[in-house]
Amino acid sequence: MDNNSRTELDQLGEFGLIERLAAGVQKFQENTVKGIGDDAAVIDIGDQYLLMSTDMLIEGIHFDLSYTPLRHLGYKAIAVNASDIAAMNGIPQQVTVSVALSNRFSIEAIEELYEGINLACESYNIDLVGGDTTSSLSGLMISISIIGRVDKNKVVYRSNAQVNDIICVSGDLGGAFMGLQLLQREKSVYLANPEMQPELEGKDYIIQRQLKPEARLDVIHELNDLKVIPTSMIDISDGLASEILHICKSSNKGAVIFEDKLPIDGMAFNTALEFNLDPVTVTLNGGEDYELLFTIKPEDFEKIKNQPDIATIGYITEKSAGANIVLKSGNSATLKAQGWKHF
Ligand code: ADP
Ligand code: MG
C-alpha cells in the first residue's frame, strides 16, 4: 500500500475498521477460544469459560448530560456491559470502571454517577473490583470492562445459526430510540425558550428505555429454566436489522423476518407517528434497547411459544436468499443496517 495514502474513518465505518484491525491481530495463547468478533471474548479457564468484554461511553457521543441524570448514566454503563455477557448466554460477575473527568464535575456529581453504578451492580449481582481515574479536557468518559462465566456446553456465539432456526427477540423494540427523540426535542425546545416546560408526560416508559436500559439476564435464566440453548445470540445495541445482519454474516446464512411479528412497543409506535417517523424503520434501526436477538432450533419452539416476553419474528435461510423482511403488504424488502454512526 502507498504509505502516503489516507483513508477516512467514514469510508470504512465502525465495523469495517474493526475488521481491518482484527486482520492484523495474532493469537498467542492456546486458551483464547474466541477473540474479536462476538459480544465477548471466550477464554478457557478449566471447567468453565471466562467471558470478557469492554464498552466505552463518551460525553457528547453516547450521552448528553443536559438530559441524562448521572445516576442513570452509571446504571446504563453497567447494564450495557452486562448485556454483552448475557449475549454469550453467560452470567456477569466482576467489572472494572475507569473514568476520565474534567474539572467541570464536582465530587458530588461523581458520587451520583457511582450511586447508579452501585445500584446496577447490586441488581445484577456484580462486584466492582477496580478501575482507573484520570483527567480529561473534553468532558466525561466512562470505560468499563466486565468478566463473566458460562458453562462450556452453554456458550452461545453469533456464528452458529442454522437454516430453519427460528429467530427470536426478547421484550419490545423501538422504545429507547423514541425516548431519545423525545429528550432531544425537549432539549431543543428548552434551548429556544427556557420558559417552556418539557412535554414528557405519559412518556415514562420510552424515556426509561433510553435512560435506564436493563441487561436481559432474566431472559438468560428463563431460557436456562426452559432448557433452551440458543444456536446463536447477540444483544441489540445498534438496531435489530444491524444485529440480524451480524448473525447472518457470522453464521454464513440468510434470514427472513416478518413485519407483523415485530415486537414494537405501543408507546414507541405512537410517538414515532407523532414524529412523522415510520414505526417499522424505528423498530428495525432504533437501537439501544439492549434486548436479546437469538435463534433456536425448530424443535425448541414448543418450549418458548407461550413465553410472553419472547417474540418469534422469522427464520434463518440459506445465505444465497439474503436477509429480507416480509412487509404487511406482502412485499419483501432487503434488510439494511442503518445503525448508529459514531464517526
Ligand atoms: P458490541 O456492540 O457487542 O459491544 P462491537 O460491535 O463494539 O460489539 O465490537 C465487535 C467486536 O469487535 C467485539 O469482539 C469487540 O471486542 C471487537 N472490537 C471492537 N473494537 C475493537 C478494537 N478497537 N480493537 C480490538 N477489538 C475490537
Ligand atoms: Mg453486543
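The structure displayed is predicted, hence computed values, not measured ones.

The protein atoms that coordinate the magnesium ion (ligand 2) are Asp39 (OD), Asp84 (OD) and Asp235 (OD), at distances of 2.0 to 2.1 Å. Expressed as a motif, the donor residue spacing for the magnesium ion (ligand 2) is D-x44-D-x150-D. Pair noted here: Asp39 is in the loop between strand S1 (32-34) and strand S2 (41-44) and Asp84 is in helix H2 (residues 70-86), with a separation of 45 residues, a long-range link. The exposure class assigned to Asp39 is buried, which follows from its relative accessible area of 6%.

What follows deals with the packing of H2 against helix H3 (residues 107-124). Two numbers describe how H2 lies on H3: the axes approach to 6 Å, and their chain directions differ by 40°. Relative to H3, the element H2 lies oblique. The hand of the H2/H3 crossing is right-handed. Counted together, Leu70, Arg71, Leu73, Gly74, Tyr75, Ile78, Ala79 and Ala82 of H2 and Ala109, Glu112, Leu113, Glu115, Gly116, Ile117, Leu119, Ala120, Cys121, Ser123 and Tyr124 of H3 form the full contact between these two elements. Residues belonging to the contact of H2 with H3 are distributed by class as follows: 13 nonpolar, three polar and three charged.

Lining the immediate environment of ligand 1, one finds Phe15, Ile18, Ile36, Gly37, Asp38, Asp39, Asp55, Asp84, Arg158 and Ser237. Between ligand 1 and Gly37, the relevant distance is 2.8 Å, taken from an oxygen atom to a main-chain nitrogen or oxygen of the residue. Arg158 has a polar side-chain atom sitting 3.2 Å from an oxygen atom of ligand 1. Notes on ligand 1: free accessible area 560 Å², of which the protein chains cover 62%. Across the shell around ligand 1, the residue classes break down as three nonpolar, two polar and five charged.

If you walk through the whole model with that rule in mind, you get 21 salt bridges. Between Asp39 and Arg158 there is a salt bridge whose closest N-O contact spans 3.0 Å. Within this pair, whereas Asp39 is found in the loop between S1 and S2, its partner Arg158 is found in the loop between strand S6 (141-151) and strand S7 (166-170), the two being separated by 119 residues in sequence. The shortest N-O distance in the salt bridge between Glu214 and Lys212 comes to 3.5 Å. Linked through salt bridges whose partners overlap, the residues forming this network are Asp172, Arg209, Arg216, Asp218, Asp289, Glu291 and Asp309.

By the assigned domains, the protein chain splits into domain 1 (30-154) and domain 2 (166-334). A straight line from the C-alpha centre of domain 1 to that of domain 2 covers 22 Å. Listed as interface residues are 25 residues of domain 1 and, on the opposing side, 22 residues of domain 2. Buried surface at the junction of domain 1 and domain 2, both sides included, amounts to about 2100 Å², of which 60% is carbon and sulfur. Linking domain 1 with domain 2 are two salt bridges. In this structure, the salt-bridge partner of Lys187 is Asp64, at a minimum N-O distance of 2.6 Å. At the boundary of domain 1 with domain 2, the tally comes to eight residue pairs in polar contact (both at pLDDT 80 or more). Where the side of domain 1 that touches domain 2 is concerned, the elements lending two or more residues are H2 and strand S4 (91-101).

Further remarks concern the sheet that holds strand S11 (residues 310-317). An order of S8-S10-S7-S11-S9-S12-S13 is seen for the seven strands of this open sheet, with the pairing classed as mixed. The open sheet has two edge strands with one neighbour each: strand S8 (232-235) and strand S13 (332-334). In this sheet, neighbouring strand axes are inclined to one another by 25° on average, regardless of whether the strands run parallel or antiparallel. Contacts between helix H7 (residues 240-251) and the sheet are confined to S7, S8, strand S9 (254-258), strand S10 (292-296), S11 and strand S12 (323-326), with S8 contributing the most and set at about 145° to the helix.

What follows is about the pairing of strand S3 (residues 48-58). Taken residue by residue, a regular strand's side chains alternate between the two faces of the sheet. When S2 meets S3, the two strands line up antiparallel, connected through four bridges. Looking at S3, one finds that Val42 is bridged to Leu51. The turn linking S2 back onto S3 is made up of three residues, and Gly46 within it adopts a positive phi angle of 110°. Where S3 and S6 come together, eleven bridges link them in antiparallel fashion. Counterpart to Leu51 in the pairing with S6 is Gly148.

Rules used throughout
Each residue is numbered by its place in its chain's sequence as written, counting from 1. All chains are assigned letters beginning with A, and all ligands numbers beginning with 1, in the order in which they are written. Selection of residues for local features in this predicted model requires a pLDDT of at least 70, selection of side-chain atom pairs for listing and counting requires 80 or more, and totals for whole chains, interfaces and linings are taken over all residues. As a rule here, side-chain values come from all non-hydrogen atoms in the structure, and water together with hydrogens is ignored. For Na, K and Ca the donor cutoff is 3.2 Å, while for all other metals N, O and S atoms count as donors only within 2.8 Å; water does not appear among the atoms, so some sites may look incomplete. Secondary structure follows DSSP: runs of H or I at least 4 residues long count as helices, runs of E at least 2 residues long count as strands, and numbering of each begins at the N terminus. Buried, partly exposed and exposed residues are distinguished by accessible area as a fraction of the type maximum, computed with a 1.4 Å probe on protein chains only: under 20%, between the cut-offs, and over 50%, respectively. Each axis is a line fitted through C-alpha atoms, taken for helices only over the stretch in contact, and angles between the N-to-C directions span 0 to 180 degrees. The cut-offs work like this: below 35 degrees is roughly parallel, past 145 is roughly antiparallel, 65 to 115 is roughly perpendicular, and the gaps in between are oblique. Note on convention: the crossing is left-handed when the near helix lies turned anticlockwise from the far helix by less than a right angle, right-handed when the turn is clockwise. Contacts are assigned to residue pairs that have any heavy atoms within 4.5 Å of one another. For this scheme, ten residues count as nonpolar: Ala, Val, Leu, Ile, Met, Phe, Trp, Tyr, Cys and Pro. Four count as charged, namely Asp, Glu, Lys and Arg, and the remainder, Gly too, count as polar. Being near a molecule or strand, for a residue, means having at least one of its heavy atoms within 4 Å of it. As used in this structure description, the phrase polar contact means that two N or O atoms lie within 3.5 Å; if the pair is within protein, one of them must be able to donate a hydrogen and the other to accept it, and residues adjacent in sequence are counted only when both atoms belong to side chains. Surface accessibility follows the Shrake-Rupley procedure with a 1.4 Å probe radius. Residue values consider only the protein chains on display as shielding. Here, a salt bridge means any Lys or Arg side-chain nitrogen found within 4 Å of an Asp or Glu carboxyl oxygen. Segmentation into domains, and thus their bounds, comes from an automatic or database assignment. By buried area we mean the combined loss of accessible area, with a 1.4 Å probe, across both parts when two parts are placed together. Strand pairing requires that DSSP identify at least two bridges connecting the strands.

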